[in-house]
Amino acid sequence: MGIRSPGESKFWFDPVKVPVTLALEMPTLGSQESSPSSVALNINTVEGAASYKIRRTDKQDVQSFTGTTFSDHDVQPARKYTYEFWAEGGQLKSAKNTITIWTKPANPSLTVQKVTNTGFALNVVLNGNPEDVLVEVKREGGSPSVKGLSVEESGLTEDTDYTYEIRVKSANNEYSGWVTQTFRTGDGNQEFYDNVQTIVSTVVYKVDGDKKAKKAWVEVSVSDTKGLQVEGEVNGERKQLGSSPVRFENLELDTEYPLTVVVKDAKRTTQQKVTFRTPSFPEPSIPTTPPTSNPDEEFNKKVEKLLETVKYEVGNSEKRHGWM
């Protein structure tokens, strides 16, 4: 029979005094660690425990581990996870303990959406972080604009390197590390030639002329110059183009002419040609009147045709008279 001394919570076999445990104590958490991709829990040892069980509350499966350290690699950054854990030994099970732990936010990054010769449009890559994280972007001497997952900055110098730093803050008020990335503004060529194509596609021309003067003209306009200098040249005459029509005169009728569109900025000049044809204004055709016929001639022709159909035969009789 077991004997329990006053003030003791365990039975002792006399005289060997081997302890008999009636229940397992609830395990406590010794330490915890997390990263953007893992959680580690260190359990304090429970006397009489043969193993420890743990379950993540967003899952149904229960995991068992014999040591005192549990690791979970099936997690995502900047998120909250709750675990229940307890001790088991023989037929005994301890009460459950509960711990909630946040994973660390992952380092974000920036990618280029668009580069111009004077600015950037950048995208924020969260790298697994939830969309409710706070994004912070800075540049020494600059003021990039952050809207959601988009970062923009303009008014920069052409063909120049710019260095940005980015980090995120989780709902648990934990920060990722600062990530440094450098981008270079464009040399302007791509943007310039893209604008040239747009300008040429918006060129509108209208041809007309003066029939009496036997001269023609063409009126040319450009709906959007993209802030560039745009000129038009026809028949050796060059003029500035814009949204209002510009007339090129003294052109020959029914003649094909090239319209040269010249686009410039401070560093570049290019040109493209469009061909048009002036109107011809043909003389109206005069209808011809068929000659009038002579009634007598028409009658005589009919008589002749009629006589051609007459048949006759001649002969004589016994009384010496002829007949037809």
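All residue numbers refer to position in the chain's written sequence, counted from 1. With pLDDT at 70 or above as the cut-off, local features in this predicted model cover only qualifying residues; side-chain atom pairs require 80 or more to be listed or tallied, and sums for whole chains, interfaces and linings still use all residues. In computing side-chain properties, one takes all heavy atoms of the structure into account and sets aside hydrogens as well as water.

Some remarks on the overall build of the protein chain
- For the protein chain, the count of helices and strands is two helices and 27 strands.
- Counting only residues that meet the buried cut, the protein chain has 32% of its 324 residues in that class.
- The contacts in the protein chain between residues at least 6 apart in sequence include a share of 54% that link residues at least 24 apart.
- Methods summary: accessible areas were calculated by the Shrake-Rupley approach with a probe of 1.4 Å, and residue burial reflects only the protein chains presented. Accessible area for the protein chain stands at about 21,200 Å²; split by element, carbon and sulfur atoms hold 48% of it. Secondary structure follows DSSP: runs of H or I at least 4 residues long count as helices, runs of E at least 2 residues long count as strands, and numbering of each begins at the N terminus. Only protein chains enter the accessibility calculation, which uses a 1.4 Å probe; a residue is then buried when its area is under 20% of its type maximum, exposed when over 50%, and partly exposed in between. Note on definitions: a residue-residue contact is assigned when non-hydrogen atoms from the two residues lie within 4.5 Å.

A word on the side chain of Thr103
- Locating Thr103 in the fold gives a position in the loop between β11 (97-102) and β12 (109-115).
- Note on Thr103: relative accessible area 0%, which makes it buried.
- A polar contact of 3.0 Å, which involves the side chain of Thr103, links it to the backbone nitrogen of Ala78.
- Those residues in contact with Thr103, other than ones at most four positions away along the chain, are Ser34, Ser35, Pro36, Ser38, Val39, Val75, Gln76, Pro77, Ala78, Arg79, Tyr81 and Glu174. N or O atoms within 3.5 Å of each other form a polar contact, as long as, within protein, one can give a hydrogen and the other can take it, and as long as residues adjacent in sequence are counted only when both atoms are side-chain atoms.

Looking at the pattern of salt bridges
- Between Lys or Arg on one side and Asp or Glu on the other, a salt bridge is scored when a side-chain nitrogen of the former is within 4 Å of a carboxyl oxygen of the latter. Scanning the entire structure with this criterion turns up 22 salt bridges.
- The residue Glu219 makes a salt bridge to Arg247 at a minimum N-O spacing of 2.8 Å. Here Glu219, found in strand β20 (residues 215-222), pairs with Arg247, found in strand β23 (residues 246-252); they are 28 residues apart in sequence, far enough to count as distant.
- When its relative accessible area of 31% is taken as the criterion, Arg247 is described as partly exposed.
- The structure contains a network of salt bridges with shared partners spanning Glu231, Glu233, Arg238 and Lys264.

Some points on the sheet that holds strand β13 (residues 120-125)
- Taken together, the four strands give an open sheet; going across it, the order is β12-β13-β16-β15, and neighbouring strands pair in antiparallel fashion. Two strands close off the open sheet at either side, each with one partner strand: β12 and β15 (145-147). The mean angle between the axes of side-by-side strands here comes to 25°, regardless of whether they run parallel or antiparallel.
- Bridge analysis of β12 against β13 gives six bridges, and the strand direction is antiparallel. Bridge pairing in β13 links Thr111 to Asn123. Strands qualify as paired when DSSP identifies two bridges or more between them. Think of each axis as a best-fit line through the C-alpha atoms, taken over the contacting stretch in the case of a helix, with angles from 0 to 180 degrees between the N-to-C directions.

Notes on the pairing of strand β19 (residues 203-210)
- The pairing of β19 with β20 spans eight bridges and is antiparallel. What sits directly across from Val204, in β20, is Ser221.
- Taken together, β19 and the strand that follows it, β20, pair antiparallel across an intervening segment of four residues, in which Lys214 is found at a positive phi of about 55°.

Section: the confidence of the model for the protein chain
- What pLDDT reports is the predictor's confidence in each residue, on a scale of 0 through 100. Scored by pLDDT, the protein chain has a mean of 88; 84% of the residues are at 70 or more.
- Scored below 50 in pLDDT, residues 1-7 makes 12 contacts in the model with residues more than four places away or belonging to other chains.

Notes on the layout of surface pockets
- For the largest pocket, the calculated volume is near 160 Å³.
- Lys114, Val115, Thr116, Asn117, Gly186, Asp187, Gly188, Gln190, Glu191, Asp194, Asn195 and Thr198 are the residues that line the largest pocket.
- Secondary-structure elements contributing two or more residues to the lining of the largest pocket are β12 and α1 (189-201).
- Per-element accounting of the lining of the largest pocket gives the leading share, five residues, to α1.
- Under this grouping Gly is polar, as are all residues other than the nonpolar Ala, Val, Leu, Ile, Met, Phe, Trp, Tyr, Cys and Pro and the charged Asp, Glu, Lys and Arg. Class assignment for the residues of the lining of the largest pocket results in one nonpolar, seven polar and four charged. Here a cavity means grid points, on a 1 Å grid over the protein atoms only, where a 1.4 Å probe fits yet cannot get out; a pocket means an open set of points with protein on both sides within 12 Å along at least five of seven lines; lining residues are those with an atom within 4 Å of a point. Grid points are joined across faces, edges and corners, and a volume is the space filled by probe spheres set on the points.

Side note on the sheet that holds strand β5 (residues 38-43)
- Spatially, three strands are ordered β4-β5-β8 in an open sheet, and the strand pairing comes out antiparallel. Looking along the sheet, the strands with just one partner apiece sit at the ends: β4 (29-35) and β8 (69-72). The sheet shows a mean angle of 10° between the axes of neighbouring strands, taken without regard to direction.
- In terms of strand pairing, β4 meets β5 through six bridges, oriented antiparallel. Each bridged residue has a counterpart across the sheet, and for Ser34 the counterpart in β5 is Val39.

So, the environment of Phe276
- Position of Phe276 among the secondary structure elements: in strand β25 (residues 269-277).
- Remark: the alpha-carbon pair of Phe276 and Tyr257, spanning 19 residues in sequence, is separated by 5.6 Å.
- Residue contacts for Phe276: discarding those within four places in its chain leaves Tyr205, Val207, Val218, Val234, Leu251, Thr255, Glu256, Tyr257, Pro258 and Leu259.

A few points about the packing of aromatic side chains
- Under the pairing criterion, centres of Phe, Tyr and Trp rings, with the six-membered ring standing for Trp, must be within 6.5 Å; the plane angle then separates stacked pairs below 30 degrees from edge-to-face pairs above 60, leaving the rest tilted. Inspection of the entire model under this criterion finds 10 aromatic pairs.
- Taken together, a centroid distance of 5.8 Å and an interplanar angle of 35° make the contact between Phe65 and Phe70 tilted. For the pair Phe65 and Phe70, a shared accessibility class is recorded, and that class is buried.
- A centroid spacing of 6.0 Å and a plane angle of 25° characterise the contact between Tyr257 and Phe276, whose relative ring orientation is stacked. A residue pair is termed long-range when its members are at least 10 positions apart, and Tyr257 in strand β24 (residues 256-264) and Phe276 in strand β25 qualify at 19 residues. The pair formed by Tyr257 and Phe276 is uniform in burial state, with each residue classed as buried.
- Through a chain of ring-to-ring contacts, the aromatic side chains of Tyr52, Phe65, Phe70 and Tyr83 assemble into a single cluster.

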